[in-house]
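Coordinates in review
Given next are the chains, with one letter for each unit.
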Amino acid sequence: MKKRLILFLIILSAISAINAQRTLPYKSISAFNNDTTAFLRYNFDDRKECYVGKTMSDLINDLGLPLKSFLSLCSSRYVNKYSGVCLYVYPYLKVRSIESISGMKSGVYAIWDVEINSTLLDTVGRTTNYYIWTSQIYNELKSYKIKEIGTAK
């Protein structure tokens, strides 16, 4: 009986934690005194459940910061497919130095609900040196639905 009660309380607290994530309001970067890391953690880690099922376009609009670079995420199940993307607010080489020196987060990752052929991002990548964010990349990715999201590590 005690085990069932404890299990019930654990499940209830997990459900309420998920629901709390969905009710947290979006906050702009100015609410964090322009602290990019705090902004990203709150909006895209603490509120990640708000983005499940939304499109990449929704995510990018909420990000509200100009994107500078991206990194595609290869599928772990299939060869020549991508499962998502990391979006960065700094040029890619600066992202690597920021993260290695300070551990600060400067981007958001999104895993899609479908995996796409790599020729899509390969073609775009060849014309943009793979890391530079462009409107062409936005147009290619904007309709994909998000399955998982968080701050890029």
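About the criteria used
- Residues numbered from 1 in each chain as written.
- Predicted model: local features only at pLDDT ≥ 70, side-chain atom pairs only at ≥ 80, totals over all residues.
- Heavy atoms only, no water.
- Helix = DSSP H or I, 4+ residues; strand = E, 2+ residues; numbered from the N terminus.
- Contact = heavy atoms within 4.5 Å.
- Buried < 20%, exposed > 50% of the residue type's maximum accessible area, 1.4 Å probe, protein only.
- Axes fitted to C-alpha atoms, helices over the stretch in contact; angles between N-to-C directions.
- Left-handed = near helix turned anticlockwise from the far one by under 90°.
- Nonpolar A, V, L, I, M, F, W, Y, C, P; charged D, E, K, R; others polar.
- Polar contact = N/O pair within 3.5 Å; in protein donor to acceptor, adjacent residues only side chain to side chain.
- Core = buried A, V, L, I, M, F, W, Y, C linked by side-chain atoms within 4.5 Å.
- pLDDT = per-residue confidence, 0-100.
- Pairing = 2+ DSSP bridges.

1. Some remarks on the environment of Leu73
Of note, Leu73 is situated in strand E1 (residues 69–74). Separated by 36 residues in the primary sequence, Leu73 and Tyr109 place their C-alpha atoms 8.8 Å from one another. When residues no more than four places from it in sequence are discounted, the contact partners of Leu73 are Tyr82, Ser83, Gly84, Val85, Cys86, Tyr109, Ala110 and Ile111.

2. Section: unusual backbone geometry
Excluding glycine, residues mostly have negative phi values, and the peptide bonds linking residues are mostly trans. Although it is not a glycine, Asn33 adopts a positive phi angle of roughly 55°. Position of Asn33 relative to the elements: it lies in the loop between helix H1 (2–23) and helix H2 (36–46). Residue classification places Asn33 among the exposed positions, given a relative accessible area of 71%. Although it is not a glycine, Asn34 sits at a positive phi angle of roughly 60°. Position of Asn34 relative to the elements: it lies in the loop between H1 and H2.

3. Considering the packing of H2 against helix H3 (residues 56–63)
In the contact formed by H2 and H3, the axes pass within 11 Å of each other and the chain directions differ by 145°. Like other packed secondary-structure pairs, H2 and H3 cross with a definite hand, here right-handed. Each of Phe39, Leu40 and Phe44 in H2 lies in contact with H3, whose residues at this interface are Leu59, Asp62 and Leu63. Among the residues making up the contact of H2 with H3, the classes are represented as 5 nonpolar, no polar and 1 charged.

4. Considerations on H2
Of all the residues in H2, the buried ones are Thr36, Thr37, Phe39, Leu40, Tyr42, Asn43 and Phe44. Contacts made by the buried residues of H2 are with H3, strand E3 (107–117) and strand E4 (146–151). With a side-chain oxygen lying 3.1 Å from the backbone nitrogen of Thr37, the N-terminal cap of H2 falls on Asp35.

5. A closer look at the nonpolar core
Phe44, Met56, Leu59, Leu63, Leu87 and Trp112 are the most contacted members of the largest nonpolar core, which has 30 residues in total. Contributions of two or more residues to this core are made by H2, H3, strand E2 (81–88), E3, helix H6 (135–141) and E4. For Leu63, the contacting residues outside a window of four places in its chain are Tyr26, Phe39, Leu40, Phe44, Val89 and Val108. By size, the runner-up hydrophobic cluster in this structure holds 5 residues, among which are Cys86, Tyr88, Tyr109 and Ile111.

6. Some remarks on the confidence of the model for the protein
Summarising the model, the protein shows a mean pLDDT of 80, and 70% of its residues fall at 70 or more. Contacts for the low-pLDDT stretch residues 17–21, under 50 throughout, to residues beyond four places or in other chains number 7 contacts.

7. Describing the sheet that holds E1
Strand order across the open sheet formed by 4 strands is E1-E2-E3-E4, with antiparallel pairing between neighbours. The open sheet terminates on both sides in strands that have one partner only, identified here as E1 and E4. Pairs of neighbouring strands in the sheet enclose a mean axial angle of 25°, with direction left out of account. Relative to E2, E1 is paired through 6 bridges, and the arrangement is antiparallel. Of the residues in E2, the one forming a bridge with Leu73 is Gly84. On the sheet, H2 packs against E3 and E4 and is oriented at approximately 155° with respect to E4.

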